[in-house]
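If you want the building blocks of each chain, they are given just below.
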Amino acid sequence: MTLVIKQQLVSSRAKTYAGVNSAKYITIHETANTSAGANAQVHANLQTRGFSASWHWQVDDKQAIQSFPHNVRCWHAGDGRGAGNFESIGIEICVNKDGDFAKAVENAAKLTRKIMQDEGISIMNVVQHNAWSGKNCPTNLRNGSKGVNWADFLALVKGEESAKKEAPVKESPKKAVTQSEASPKKKSPKTALSVDGKWGKDTTRALQKALGTPVDGIISRQPRNSVTTALYGGTVSFGSGNGSPMVRALQRKVGAKADGKLGTETVRKLQTYLGTVRDGKLSRPSLVVKEMQRKLNNGSF
Ligand SMILES: [Zn+2]
């Protein structure tokens, strides 16, 4: 079964740290809320209303709900300004007594694998909350009292990951066929960019290379709008100022106003330039991004 993924993004940044989360780690938690009905939706709502802590995802036996983009530094790891809060993505697994914990863990493993692929995070960097602060969390996975322990969780994550890994190993003959489907080796410069329509750090890096601007995978000083919030995996850094040099170069190339800030006008010009639907929207995933990735791969962008 595919995992049901939903977004209910919290707009306030009151319960987060300033600055950009580098998304190097994934931190696994349990909510410790055993009340009946204390599922992912309830925890997402808690964050929407402004809880005293914050985390990126909550997952139960039915679905995963995202509350914050991965580039936000949430308050979940209990290590203050340490790497737990500053460099990790927090996932809360629900432990409501009317839920199926084993199924929730399975869903958390699926979500973890997806985030690992999106962000280029290794299984070595999937850690317990305990690793950052010494707290006994995720409690049930740590003590195995519900029949599934930490090793089982990692095996679930790895099992699915290694199955997916088979494809890219076959290098040259099937490259064109395999690159549209999950390519975990995204960080390697030798591997072609995944043509998946998801504009994350690797796409930004390829774009920066093609446009001759500094290659760091980050689109700096961007406004928060429908386009920039549709980007993946911490590639966008929000803020004010004169925008990004890469975006300015892109805008010049496609004939948009060169203000360095991504928005619907730039997307519309990019869509015109690439010959895709001209609606100014960046979907998740997006056809115009797919086409851009294809062209970046064959050097024709
Ligand atoms: Zn925790």
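This one's a predicted model, so the numbers in the text were calculated from it and none came from an experiment. (Residues numbered from 1 in each chain as written. Predicted model: local features only at pLDDT ≥ 70, side-chain atom pairs only at ≥ 80, totals over all residues.)

Our next topic: the overall build of the chain. A count of helical and extended segments in the chain gives 11 helices and 10 strands. The buried share among the 301 residues of the chain stands at 43%. Across the chain, contacts joining residues at least 24 apart in sequence account for 62% of those joining residues at least 6 apart. (Helix = DSSP H or I, 4+ residues; strand = E, 2+ residues; numbered from the N terminus. Buried ≥ 20, exposed ≤ 12 C-beta atoms within 10 Å, placed from the backbone. Contact = placed C-beta atoms within 7 Å.)

Turning to unusual backbone geometry, a few remarks are in order. Residue P138 follows C137 across a cis peptide bond; omega there is 0 degrees. Cis geometry is adopted by the peptide bond preceding P285, which originates at R284 and carries an omega value of -10 degrees. Considering the arrangement of structural elements, one finds P285 in the loop between α10 (264-274) and α11 (287-297). At A32, a residue that is not glycine, the phi angle is positive and equals roughly 65 degrees. Relative to the elements of secondary structure, A32 occurs in the loop between β3 (25-30) and α1 (40-49). Not every positive phi belongs to a glycine, and R221 is a case in point at roughly 50 degrees. Here R221 lies in strand β9 (residues 219-222).

Another aspect to go through is α11. Looking at α11, one finds that the buried residues are V288, V289, M292, Q293 and L296. Buried residues of α11, viewed axially, fall in a sector of 140 degrees; they line one side. Turning to α11, the residues buried within the fold contact α8 (201-211) and α10. Where α11 ends, the next residue or the one after it, G299, has phi of about 75 degrees, a positive value. (Arc of directions from axis to C-beta.)

Within the largest apolar cluster, 36 residues are counted, with the highest numbers of intra-cluster contacts made by I26, V59, I91, I93, V105 and A108. Going through the elements one at a time, β3, α1, β4 (57-59), β5 (63-66), β7 (88-93), α3 (101-119) and α6 (150-169) are the ones with two or more residues in this core. Take this core: its biggest share by element is eight residues, from α3. Excluding residues that lie within four positions of it along the chain, V105 makes contacts with I93, L141, V148 and F153. Core analysis: the second largest hydrophobic core is formed by 20 residues, I218, V267, V289 and L296 among them. (Core = buried A, V, L, I, M, F, W, Y, C linked by C-beta atoms within 7 Å.)

Bringing the sheet that holds β3 into the picture now. Pairing within the open sheet is mixed, and its six strands lie in the order β1-β5-β4-β7-β3-β8. The sheet is open, and its two borders are formed by β1 (4-7) and β8 (126-128), each paired with just one other strand. Averaged over all pairs of adjacent strands, the angle between strand axes in this sheet comes to 25 degrees, irrespective of strand direction. Examined bridge by bridge, β4 and β7 share three bridges and lie parallel to one another. Each bridged residue has a counterpart across the sheet, and for Q58 the counterpart in β7 is E92. Of the strands in this sheet, β4, β5 and β7 touch α1, which is tilted by about 10 degrees from β5. Across the sheet, α3 is in contact with β3, β4, β5, β7 and β8; its angle to β7 comes to roughly 165 degrees. (Pairing = 2+ DSSP bridges. Axes fitted to C-alpha atoms, helices over the stretch in contact; angles between N-to-C directions.)

What follows deals with the packing of α8 against helix α9 (residues 245-254). Contact geometry for α8 and α9: axes closest at 10 Å, N-to-C directions at 65 degrees. Both α8 and α9 take part in a crossing whose hand is left-handed. Mapping the contact onto sequence places L207, Q208 and L211 in α8 and M246, A249, L250 and K253 in α9. (Left-handed = near helix turned anticlockwise from the far one by under 90°.)

Before going further, it helps to examine the packing of α8 against α11. Where α8 contacts α11, the axes come no closer than 10 Å and their chain directions differ by 50 degrees. Between α8 and α11, the angle is such that the two are oblique. In the packing of α8 onto α11, the handedness of the crossing is left-handed. Between α8, through T203, A206, L207 and A210, and α11, the contact on the second element is made entirely by V289, Q293 and L296. Taken together, the residues of the contact of α8 with α11 break down into five nonpolar, two polar and no charged. (Parallel < 35°, antiparallel > 145°, perpendicular 65-115°, else oblique. Nonpolar A, V, L, I, M, F, W, Y, C, P; charged D, E, K, R; others polar.)

For P69, the position within the fold is in the loop between β5 and β6 (73-74). Owing to 22 C-beta atoms within 10 Å, P69 belongs among the buried residues under this scheme. Sequence separation between P69 and G234 is 165 residues, and the spatial gap between their C-alpha atoms is 7.2 Å.

Remember that the coordinates give geometry; whether it matters functionally is a separate question.
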